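For reference, the chains in residue letters:
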Protein chains: 4
Amino acid sequence: MPAKIRPNERKVLYYETDKMSIMHHSNYIRIFEETRVDFLEQVGMPFENIEAQGIMMPVLSVDCRYKRPLRFDERFAVFSKITKFNGTVLELDYRVISRENGDLCAEGHSSHCFTDNDLKPLRTKNKYPEIYQIFADYLGYEITD
Amino acid sequence: MPAKIRPNERKVLYYETDKMSIMHHSNYIRIFEETRVDFLEQVGMPFENIEAQGIMMPVLSVDCRYKRPLRFDERFAVFSKITKFNGTVLELDYRVISRENGDLCAEGHSSHCFTDNDLKPLRTKNKYPEIYQIFADYLGYEITD
Amino acid sequence: MPAKIRPNERKVLYYETDKMSIMHHSNYIRIFEETRVDFLEQVGMPFENIEAQGIMMPVLSVDCRYKRPLRFDERFAVFSKITKFNGTVLELDYRVISRENGDLCAEGHSSHCFTDNDLKPLRTKNKYPEIYQIFADYLGYEITD
Amino acid sequence: MPAKIRPNERKVLYYETDKMSIMHHSNYIRIFEETRVDFLEQVGMPFENIEAQGIMMPVLSVDCRYKRPLRFDERFAVFSKITKFNGTVLELDYRVISRENGDLCAEGHSSHCFTDNDLKPLRTKNKYPEIYQIFADYLGYEITD
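Residues numbered from 1 in each chain as written. Chains lettered and ligands numbered in written order. Predicted model: local features only at pLDDT ≥ 70, side-chain atom pairs only at ≥ 80, totals over all residues. Heavy atoms only, no water.

Considerations on the relation of the copies chain D and chain C
Phase 1 of the analysis: If you rotate chain D by 180° and push it 0.0 Å along the axis, it lands on chain C with an RMSD of 0.0 Å. Seen this way, the second copy is the image of the first under a two-fold rotation axis. Across chain D, the smallest distance between a C-alpha and the rotation axis is recorded for Asp63 of chain D, namely 2.0 Å.
Phase 2 of the analysis: The fraction of interface residues of chain D whose copies in chain C are also interface residues reaches 100%, indicating that both copies meet through the same surface. (Least-squares fit on C-alpha atoms with pLDDT ≥ 70 in both. Contact = heavy atoms within 4.5 Å.)

This is the structure we're talking about:
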């Protein structure tokens, strides 16, 4: 039974801005990663534990659509959702929401596969059932405030 | 008549790697930006000149598909191509090629609009014909070695 | 009378690591900036308010001595202290402490001046007494747990 | 006999700027690293070869004094100089020069030690004479245009 998951939340840092005075668009890709790591910690499967078992989760693809720029020091929350998981491939959606006014600032998606340390794909279902179950449990789970 | 455009080329820097010992996936989004800036300089319309005229080119969307990781110090080239331009919206494709063995390491795409400094969209065709013409000239142009 | 100031605290993010599997040394300089911004917010003078009055605080110098590397996902706290303030120049010390075992991981220092938007130095004492007073009040203040 | 070494040279990238419209001060620390890597390649001892022998060169300390900010797309060169080398500790100075007008934009210094993969210090003189000799040869060498 899934526990309540919080969105990943923080402020835009000064060094994340660019000369347009907005958060540089590449940083949203980094925020998505932060959000995945935070999610895994909240569900009791910290990413470092996954890596300690010799599993890597390289990114296969990522995309982001920018709706409204985030400004320096603006507080935002990232709501992620696992949209696909079959034991080898994992996909997530992300929505970046301003905490100042609730604006949807960006939407994104990433896909990943599970591999060994040589980046060979592996199936988690039989070999790593504990990891498999976490992702299976949270497939489609809606994070809310 | 378009001049010969070179791909954007450099090596992976140490600080661009992560603990998987590969270039962090977010840096490809930055490389795409470097490539746009380099392209504009090569065609005689440096990005700072565009900004000096009060024009911004915010990113509307970006995506990247990762094929084979780049390693520290690996030389790569980015081949970009303008796939759409209508005076207000600009779209580009990118291919990241290893210079060590010719591998296709990543493919991506970005879309942009032209705006004033308040991020209001503007049409370049009538107001900035010099800028309009550059992008129109290079629409579909294939960068080759 | 100074209120209780908390240290700036968070975890090492995945994209902050490098191929030595430690936080890249340049990121400590960024953490010092985060800590300054966090400090200013805690004392009721957010950095954006300072900038809104047409004041900039460029960095004149920075240094860092690395004692023990921080690892991915390791929680740390940064304890800053204003060591000098004369109305025009501001200097701070920083100590980065691991929250896992209390290790001193890095020590640093930065110096800044107050300038207008053209980067001309300015004296805060007469022109911006509210800003002056904040820094004067906290000169030498010890942040503790 | 040392070969002619070139300074490390490139332009400021858009994503390296911050909302003050200058290169963010943390990036100078990264430029110093780029310059070390470039130097090692020029003298025929690429950093990846050093790492391949199980040697790491963590940073012990770094400092930078900022003289005049670099702007977006401004071309700069970094002149480094080995100021100390005793087989275990390595120290370098850096001068960042604008290629637009020759301004000294920043000066810095870094110190490093040679360690094994467990970050234990090691002496290069006996165990890695080829590496030792490179640094000994270039101690005090002046890079010029």
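Comments concerning the sheet that holds strand β4 (residues 89-98) of chain D
Phase 1 of the analysis: Taken together, ten strands build an open sheet; the order of strands is β1(C)-β3(C)-β4(C)-β5(C)-β2(C)-β2(D)-β5(D)-β4(D)-β3(D)-β1(D) and the sheet is antiparallel. Two strands lie at the open edges of the sheet, namely β1 (8-11) of chain C together with β1 (8-11) of chain D, each paired on one side alone. Each strand axis lies, on average, 15° off the axis of its neighbour in the sheet, ignoring direction.
Phase 2 of the analysis: Sheet topology note: the β1 of chain D/strand β3 (residues 75-85) of chain D ladder contains four bridges and is antiparallel. In the sheet register, Lys11 of chain D faces β3 of chain D, and the bridge partner there is Arg75 of chain D.
Phase 3 of the analysis: The strands touched by helix α4 (residues 129-138) of chain C within the sheet are β3 (75-85) and β4 (89-98) of chain C, with β3 of chain C carrying the most contacts at an inclination of about 110°.
Phase 4 of the analysis: Contacts from helix α1 (residues 26-42) of chain D reach β1, β2 (59-66), β3, β4 and β5 (104-113) of chain D within the one sheet, and its direction differs from that of β2 of chain D by about 120°. (Pairing = 2+ DSSP bridges. Helix = DSSP H or I, 4+ residues; strand = E, 2+ residues; numbered from the N terminus. Axes fitted to C-alpha atoms, helices over the stretch in contact; angles between N-to-C directions.)

Quick look at the interface of chain A and chain B
By a frequent convention, interface size equals the accessible area lost on bringing the separate parts together.
Phase 1 of the analysis: Listed per partner, the contact involves 24 residues of chain A and 24 residues of chain B.
Phase 2 of the analysis: Its largest share of buried area at the contact with chain B, chain A owes to Met20, His25 and Arg30 of chain A, together 24% of the area lost on that side.
Phase 3 of the analysis: Linking chain A to chain B there are two salt bridges.
Phase 4 of the analysis: Run the count over chain A and chain B and you get twelve residue pairs in polar contact (both at pLDDT 80 or more).
Phase 5 of the analysis: Examining the composition of the side of chain A that touches chain B, we find that eight residues originate from one element, strand β2 (residues 59-66) of chain A, more than from any other.
Phase 6 of the analysis: Residue composition of the side of chain A that touches chain B, by class: eleven nonpolar, five polar and eight charged.
Phase 7 of the analysis: Where β2 of chain A lies against strand β2 (residues 59-66) of chain B, five bridges are found, and the strand directions are antiparallel. What sits directly across from Asp63 of chain A, in β2 of chain B, is Asp63 of chain B. (Buried area = accessible area lost by both parts, 1.4 Å probe. Salt bridge = Lys/Arg side-chain N within 4 Å of Asp/Glu carboxyl O. Polar contact = N/O pair within 3.5 Å; in protein donor to acceptor, adjacent residues only side chain to side chain. Nonpolar A, V, L, I, M, F, W, Y, C, P; charged D, E, K, R; others polar.)

Concerning the relation of the copies chain A and chain B
Phase 1 of the analysis: Superposition record for chain A on chain B: RMSD 0.0 Å, screw rotation 180°, translation along axis 0.0 Å.
Phase 2 of the analysis: Counting the interface residues of chain A, we find that 100% of their copies in chain B are interface residues as well, pointing to one common contact surface.

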